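# Residue-level structural notes
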Amino acid sequence: MGLPFQLIFSIILIAIFLYSAIVGINYFMERSQQAQIGQFAVNLESKVNIAWQAIEKSESYSFSLPKKIEKVCFANLNAAAYNTSICPEFEYYRDVAKSRGANMFFCPPEPVYKTGAPVYYSIDCEGNDCLKVKNHPYCIENKNGIVSFSLKKEIGDPYVYLE
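Now for a description of the structure that goes with this document. (Residues numbered from 1 in each chain as written. Predicted model: local features only at pLDDT ≥ 70, side-chain atom pairs only at ≥ 80, totals over all residues. Heavy atoms only, no water.)

## Some details on the state of the cysteines
Think of a disulfide as a covalent bridge from one cysteine sulfur atom to another cysteine sulfur atom. Basically, it comes down to this: What counts as a disulfide here is a pair of cysteine sulfur atoms lying within 2.5 Å. Secondary structure elements follow DSSP: runs of H or I no shorter than four residues count as helices, runs of E no shorter than two count as strands, and numbering proceeds from the N terminus. Between buried and exposed lies partly exposed: a residue is buried under 20% and exposed over 50% of the maximum accessible area for its type, with that area taken using a 1.4 Å probe on protein chains only.
Evaluated as defined, the whole model comprises 2 disulfides. Disulfide pairing places cysteine 73 opposite cysteine 139 at an S-S distance of 2.0 Å. Judged by the torsion about the S-S bond (105°), the cysteine 73/cysteine 139 disulfide is right-handed. Placement of the pair is cysteine 73 in strand 2 (residues 71-74) and cysteine 139 in strand 6 (residues 138-141), with a sequence separation of 66 residues. Overall, cysteine 73 belongs to the buried group, its relative accessible area being 0%. What pairs with cysteine 125 in a disulfide is cysteine 130, and their sulfur atoms sit 1.9 Å apart. Judged by the sign of its S-S torsion, about 65°, the bond between cysteine 125 and cysteine 130 is right-handed. Grouping residues by exposure puts cysteine 125 and cysteine 130 together as buried.

This is the structure:
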């Protein structure tokens, strides 16, 4: 005894619909994470620019990032004393990031790359190198989707220090 053609056709259509729904939801989740990563970089650069233009500033900030990103790292990629052991996965992207003047990257880079967002960014002040960190690289942990740090600028100092 066979199943009627309409029943088989209905089951196939339901399976196609469910598959399409899952793919669509996954796509929108990735776009959401991509937007969150881009917003993090824009907000950070904005806060660095505000601190750079100030005479003196010391303020703490917290921004959200997808939980799959473990760390946000800042480094002078041209420095000879760059410590590669902190984020060995980034070595694949390092030469391209260095050639584009990047000073911030995400670790591990794979979750960021999968969303379509850039793995590295150049945080600057109107084209000037204004952001300094204590170590190369200096990484900030992503704790439950929140990255917290402080920006400081002293009177007469042309640099903003990230701590």
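## Remarks on the pattern of salt bridges
To keep it simple, the criterion reads: Note on definitions: salt bridges are taken to be side-chain nitrogens of Lys or Arg within 4 Å of carboxyl oxygens of Asp or Glu.
On inspection of all chains with the given rule, the structure shows 2 salt bridges. Note that glutamate 59 and lysine 57 form a salt bridge whose closest N and O atoms lie 3.1 Å from each other. Given the relative accessible area of 22%, lysine 57 is considered partly exposed. Between lysine 152 and glutamate 163 there is a salt bridge, and its shortest N-O distance comes to 3.1 Å.

## Things to note about the pairing of strand 2
Selection rule: Paired strands are those between which DSSP finds at least two bridges.
By the alternation rule, side chains of strand 2 split into Lys71 and Cys73 and Val72 and Phe74, which are all buried. Pairing of strand 2 with strand 3 (residues 104-107), which is carried by 4 bridges, proceeds in the antiparallel orientation. Within the sheet, the bridge partner assigned to lysine 71 lies in strand 3 and is cysteine 107. Judged from the 4 bridges that link them, strand 2 and strand 6 form a sheet pairing that is antiparallel. When the sheet's bridge partners are listed, phenylalanine 74 is paired in strand 6 with tyrosine 138.

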